[in-house]
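Coordinates in review
The residues making up each chain are set out below.
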2 protein chains.
Amino acid sequence: MTRIFLFLTFVFALVMAPNAFADKLMDDAKATFKPIPTDVREGWKFLKQAKNPTEKKYELGKMLYFEPRLSGSQLFSCHSCHNFSLGGADGQVTSIGHKWFLGPRNTPTSFNSVYNKVQFWDGRKPNLTEQAKGPITNIEEMGGSEELALAVVKSMPEYVELFKKAFPKEKDPVTFENIGQAIAIFESTLLTPNAPFDKYLKGDDKALNKQEKAGLKTFMDKGCANCHNGVNFDIEDMQPFGVAEKPEAKILAGDKGRFMISGDKKDEFSFKVPGLRNVALTAPYFHSGQVWKLEDAVAVMGSSQIGEALNKQEIADVTAFLKTLTGDQPKISVPALPASTDKTPKPDPHYSNINK
Amino acid sequence: MTRIFLFLTFVFALVMAPNAFADKLMDDAKATFKPIPTDVREGWKFLKQAKNPTEKKYELGKMLYFEPRLSGSQLFSCHSCHNFSLGGADGQVTSIGHKWFLGPRNTPTSFNSVYNKVQFWDGRKPNLTEQAKGPITNIEEMGGSEELALAVVKSMPEYVELFKKAFPKEKDPVTFENIGQAIAIFESTLLTPNAPFDKYLKGDDKALNKQEKAGLKTFMDKGCANCHNGVNFDIEDMQPFGVAEKPEAKILAGDKGRFMISGDKKDEFSFKVPGLRNVALTAPYFHSGQVWKLEDAVAVMGSSQIGEALNKQEIADVTAFLKTLTGDQPKISVPALPASTDKTPKPDPHYSNINK
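All values reported here derive from a predicted model rather than from experimental measurement.

Concerning the overall build of chain A
Looking only at helices and strands, one finds 14 helices and two strands in chain A. Residue burial in chain A is summarised as follows: out of 356 residues, 55% are buried. Accessible area for chain A stands at about 15600 Å²; split by element, carbon and sulfur atoms hold 57% of it.

What follows is the structure in structure tokens.
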């Protein structure tokens, strides 16, 4: 009897072991990461500066996100570089902007960006509202000015009406701050739920295959998840690129990151920890856009951030895991915008925002 | 008795006269113009080169319309200049293209363009398929090449699969011709039905107000409708700009139109008759984009094409009428595109298609 019992126990242990291991991995994953909410309006809970999000602000923000007349040339909108066709980014090494300026850094995605602890690669802005206002007036991006943006919006009665309805308590609602707030309220809904990994986090063990699970385990065991965790895999705000070992010069591209804003030695080479959602869609990688293959980016992170040369298998596994972070892409229909009026500033391919 | 009868006849005539007049105007309008079909797939009936339109070709064409990687820089797509937010055009005087080239002519709308008798301002292409292929390789527009476009599409297995499904009978379906056909099949559905004038054409007398009706009458009486009739107000293919009297030099902008293609003296200053649907959304006007106000464009047409200086009232009426041609704008959600692979050509802001 005892023998039979022992034998059955042994068989039971044999059958359950992989599941027990799976459960441990899933439990660890659940303790470390969170799924993207399937209701994308949940993004509103994470807004910082933009107060009282409403559908009216959302609709206005969507229009402004697609509004090329906010740019100096009136050709570029937020969507030009944060393109819904390309994972919320542009696939460029560094962005191409007003007058074909080549920007200094790679375009980060606008998807799930409400979760970012800070905004921009150098973390110079604390939230989406402040972020949204940046590129409009950046001479290397949209190349416009606050003055131009306000003149454009105020020239169209439909826009003025939409601002009044979106910000009903304000006397003069057409402000650059409210342009930023409306865009932020729209952007904060650009979530990408239902990735295979989200299904796994919700208990579907089959959502990841063996290699993807091995990659997840490596990702947690090796310490990648120390910075890349939470909903958007970016719980840390800033980290020096090269904590363990400086990446090669081509990748660093002479960019000292936050130091260029703060002048503080401890900020040298400090960059925003980027979220990893949909990372398979947003090559090339890093602030410099100098790495095209996700495998190579994983290898660089291993040596530069965790001080470990990951082997080929580990790199392949982690890459396979990262590909499970691709979720449903936002389905946004292009809004029809109000027609320009006689008062609308004319487009100017040579527009300069210097002294404006 | 006879007197009473005569009196009643008189009263009857008095009461009916405005309606009789309205009916006459409506009848004339119905004989001259046609409404835009509410089922936008009806556009497929007017395709010339693109054969056997299907939903699979439509879906592929939509992706290619939004595909920036078809351009030299991989920044510009068809949608960059034929923007659904701006009536299917770009609101620029002349288009801004690859490397910030300023194109020689104003961007025509892609909406209802399947009805165009010819394509491009100089009418150099006979249909949408040939049109769609043009800007991709035009050095002043998307600045790409056939070679690049095919390399891009072939580098992504998802695209290759979509081409196979869209063109199931072809051995090697990924061709530049099929890129053009798929885009044309998508574009031909960019119809804008339900404009107030369409409702009027379908018998709703109240869809136009008094001034708009006066404008319609003037538009027909003065001969505007000789060229601008049919569904898209462009039954004629080409006309010399300045049949009656040369427009001012600034508007002509030294552009000899079709002559620059044909070298034939009779083609001097000959341009495509543009459709007038949604014309209120697509300022500035003419091939040169030198006229911003629709009223001014109407006045120019009066003097240059019909040889008559329209008076202020007539201009205001015709303008009011033209504004009734704004229909429902296409609601198209931005398609998610396949991720680039290792084989996808890298974006190059300095790309040159010379000798390719």
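We are not done yet, so read on.
Looking at the interface of chain A and chain B
Contacts between the two partners involve 41 residues from chain A and, on the opposite side, 41 residues from chain B. On the chain A side of the interface with chain B, the three residues burying the most area are Leu75(A), Trp100(A) and Val334(A), jointly 22% of the side's total. Note that Lys293(B) and Asp342(A) form a salt bridge whose closest N and O atoms lie 3.6 Å from each other. Scanning the region where chain A abuts chain B turns up twelve residue pairs in polar contact (both at pLDDT 80 or more). Partitioned by chemical class, the residues of the side of chain A that touches chain B number 21 nonpolar, 13 polar and seven charged.

Regarding the relation of the copies chain A and chain B
Mapping chain A onto chain B leaves a residual RMSD of 0.0 Å; the transformation is a rotation of 180 degrees accompanied by 0.0 Å of translation along its axis. In symmetry terms, the pair is related by a two-fold rotation axis. Considering only C-alpha atoms, the part of chain A nearest the rotation axis is Ser333(A), at 1.8 Å. A share of 100% of interface residues in chain A that are also interface residues in chain B marks the association as one of identical surfaces.

Side note on helix H5 (residues 146-154) of chain A
All of the buried residues along H5(A) are Leu148(A), Ala149(A), Leu150(A), Val152(A) and Val153(A). In the core, the buried residues of H5(A) are packed alongside helix H2 (55-65), helix H4 (128-137), helix H6 (157-166) and helix H7 (176-187) of chain A.

Thoughts on unusual backbone geometry
Residue and element names in this part refer to chain A. Cis peptide bonds are those with omega within 30 degrees of zero, and the linkage from Ala-283 to Pro-284 qualifies with -5 degrees. Take Pro-284: it is sitting in the loop between strand E2 (270-272) and helix H13 (294-305). Positive phi, normally seen in glycine, also occurs at Asn-194, with a value near 65 degrees. Examined against the element boundaries, Asn-194 turns out to sit in the loop between H7 and helix H8 (196-201). We classify Asn-194 as partly exposed; its relative accessible area is 29%.

Brief notes about the packing of H13(A) against helix H14 (residues 312-322) of chain A
All names here are of chain A. Interhelical geometry of H13 versus H14 gives an angle of 115 degrees and a closest axis separation of 9 Å. Between H13 and H14 lies a crossing whose hand is right-handed. Contact residues: Leu-294, Glu-295, Val-298 and Ala-299 in H13; Ile-315, Val-318, Thr-319 and Leu-322 in H14. Of the residues that constitute the contact of H13 with H14, the class distribution is six nonpolar, one polar and one charged.

What to know about helix H4 (residues 128-137) of chain B
Residues and elements named next belong to chain B. Burial within H4 is extensive, with eight of its ten residues counted as buried. All of the buried residues in H4 are Leu-128, Thr-129, Glu-130, Gln-131, Ala-132, Lys-133, Pro-135 and Ile-136. Taken together, the buried residues of H4 touch helix H5 (146-154) and helix H7 (176-187).

Topic: a nonpolar patch on the surface
Nonpolar side chains collect at one region of the surface, where Phe101(A), Ile139(A) and Ile354(A) lie side by side and expose about 240 Å² of accessible area between them. Residue position: Phe101(A) is located in the loop between helix H3 (78-81) and H4.

Description of the pattern of salt bridges
Residue and element names in this part refer to chain A. Under the criterion given, the structure shown has 41 salt bridges over all chains. Between Glu-55 and Arg-41 there is a salt bridge, with the nearest N and O atoms lying 2.7 Å from each other. Residue Glu-55 is found in helix H2, and its partner Arg-41 is found in the loop between helix H1 (2-32) and H2; the two are separated by 14 residues along the sequence. We classify Glu-55 as partly exposed; its relative accessible area is 40%. Judged by its relative accessible area of 25%, Arg-41 is partly exposed. Connected through shared salt-bridge partners, Arg-105, Asp-122, Arg-124 and Asp-255 make up one network.

Some details on the state of the cysteines
All names here are of chain A. In total, this model carries zero disulfides over all chains according to the counting rule given. Cys-224 provides the cysteine sulfur closest to Cys-227, a residue in no disulfide bond, and the two sulfurs are 9.5 Å apart. Classification of Cys-227 as buried rests on a relative accessible area of 19%.

Points about the packing of aromatic side chains
All told, the structure shown has 42 aromatic pairs over all chains when counted by the stated rule. Both rings, one in Phe33(A) and one in Phe233(A), keep their centres 4.5 Å apart while their planes meet at 15 degrees; by these two values the pair is stacked. Remark: Phe233(A) occurs in the loop between helix H10 (224-227) and strand E1 (238-240) and Phe33(A) occurs in the loop between H1 and H2; sequence separation between them is 200 residues. Each member of the pair, Phe33(A) together with Phe233(A), is buried. Judged by centre distance (5.7 Å) and plane angle (50 degrees), the ring pair of Trp100(A) and Phe76(B) falls under tilted. With Trp100(A) in the loop between H3 and H4 and Phe76(B) in the loop between helix H2 (55-65) and helix H3 (78-81), the pair connects residues from two separate chains. No difference in accessibility class separates Trp100(A) from Phe76(B), as the two residues are buried. A network of ring pairs unites the aromatic residues Phe33(A), Phe197(A), Tyr200(A), Phe219(A), Phe233(A) and Phe321(A) as a single cluster.

Points about the packing of H2(B) against H7(B)
Residues and elements named next belong to chain B. Two elements in contact, H2 and H7, have axes whose closest approach is 7 Å; the angle formed by their N-to-C orientations is 100 degrees. Judged by the inter-axis angle, H2 sits roughly perpendicular to H7. Within the contact between the two elements, H2 uses Lys-57, Tyr-58, Leu-60, Gly-61, Lys-62, Leu-64 and Tyr-65 and H7 uses Ile-179, Ala-182, Ile-183, Ile-185, Phe-186 and Glu-187.

Topic: the environment of Asn116(B)
Residue and element names in this part refer to chain B. As for its placement among the helices and strands, Asn-116 is situated in the loop between H3 and H4. For the pair Asn-116 and Lys-272, spaced 156 residues apart in sequence, the C-alpha to C-alpha distance is 8.7 Å. When near neighbours in sequence (up to four residues on either side) are disregarded, Asn-116 contacts Lys-48, Asn-232, Asp-234 and Lys-272. Polar contacts involving the side chain of Asn-116 include one to the side chain of Gln-119, which spans 3.3 Å. Among the polar contacts made by the side chain of Asn-116, one reaches the side chain of Asn-232 at a distance of 3.3 Å.

Here's the deal with the nonpolar core
Leu64(A), Ile179(A), Leu64(B) and Ile179(B) are the most contacted members of the largest nonpolar core, which has 100 residues in total. Residue contacts for Ile179(A): discarding those within four places in its chain leaves Leu64(A), Leu70(A), Ile136(A), Ala149(A), Leu150(A), Val153(A) and Phe163(A).

Some details on the confidence of the model for chain A
Reading fine detail from the predicted coordinates is not recommended where pLDDT is low. Mean pLDDT over chain A works out to 94, with 93% of the residues at or above the 70 mark. As scored by the predictor, the complex reaches a pTM of 0.94 and an ipTM of 0.93.

Calculation criteria
Residues numbered from 1 in each chain as written. Chains lettered and ligands numbered in written order. Predicted model: local features only at pLDDT ≥ 70, side-chain atom pairs only at ≥ 80, totals over all residues. Heavy atoms only, no water. Helix = DSSP H or I, 4+ residues; strand = E, 2+ residues; numbered from the N terminus. Buried < 20%, exposed > 50% of the residue type's maximum accessible area, 1.4 Å probe, protein only. Areas by Shrake-Rupley, 256 points an atom, 1.4 Å probe, with all protein chains shown as cover. Contact = heavy atoms within 4.5 Å. Buried area = accessible area lost by both parts, 1.4 Å probe. Salt bridge = Lys/Arg side-chain N within 4 Å of Asp/Glu carboxyl O. Polar contact = N/O pair within 3.5 Å; in protein donor to acceptor, adjacent residues only side chain to side chain. Nonpolar A, V, L, I, M, F, W, Y, C, P; charged D, E, K, R; others polar. Least-squares fit on C-alpha atoms with pLDDT ≥ 70 in both. Axes fitted to C-alpha atoms, helices over the stretch in contact; angles between N-to-C directions. Left-handed = near helix turned anticlockwise from the far one by under 90°. Patch = residues over 30% accessible without salt bridge, like charges linked within 9 Å, V, L, I, M, F, W, Y side chains within 5 Å. Disulfide = S-S within 2.5 Å. Phe/Tyr/Trp six-rings, centres within 6.5 Å; stacked < 30°, edge-to-face > 60°. Parallel < 35°, antiparallel > 145°, perpendicular 65-115°, else oblique. Core = buried A, V, L, I, M, F, W, Y, C linked by side-chain atoms within 4.5 Å. pLDDT = per-residue confidence, 0-100.

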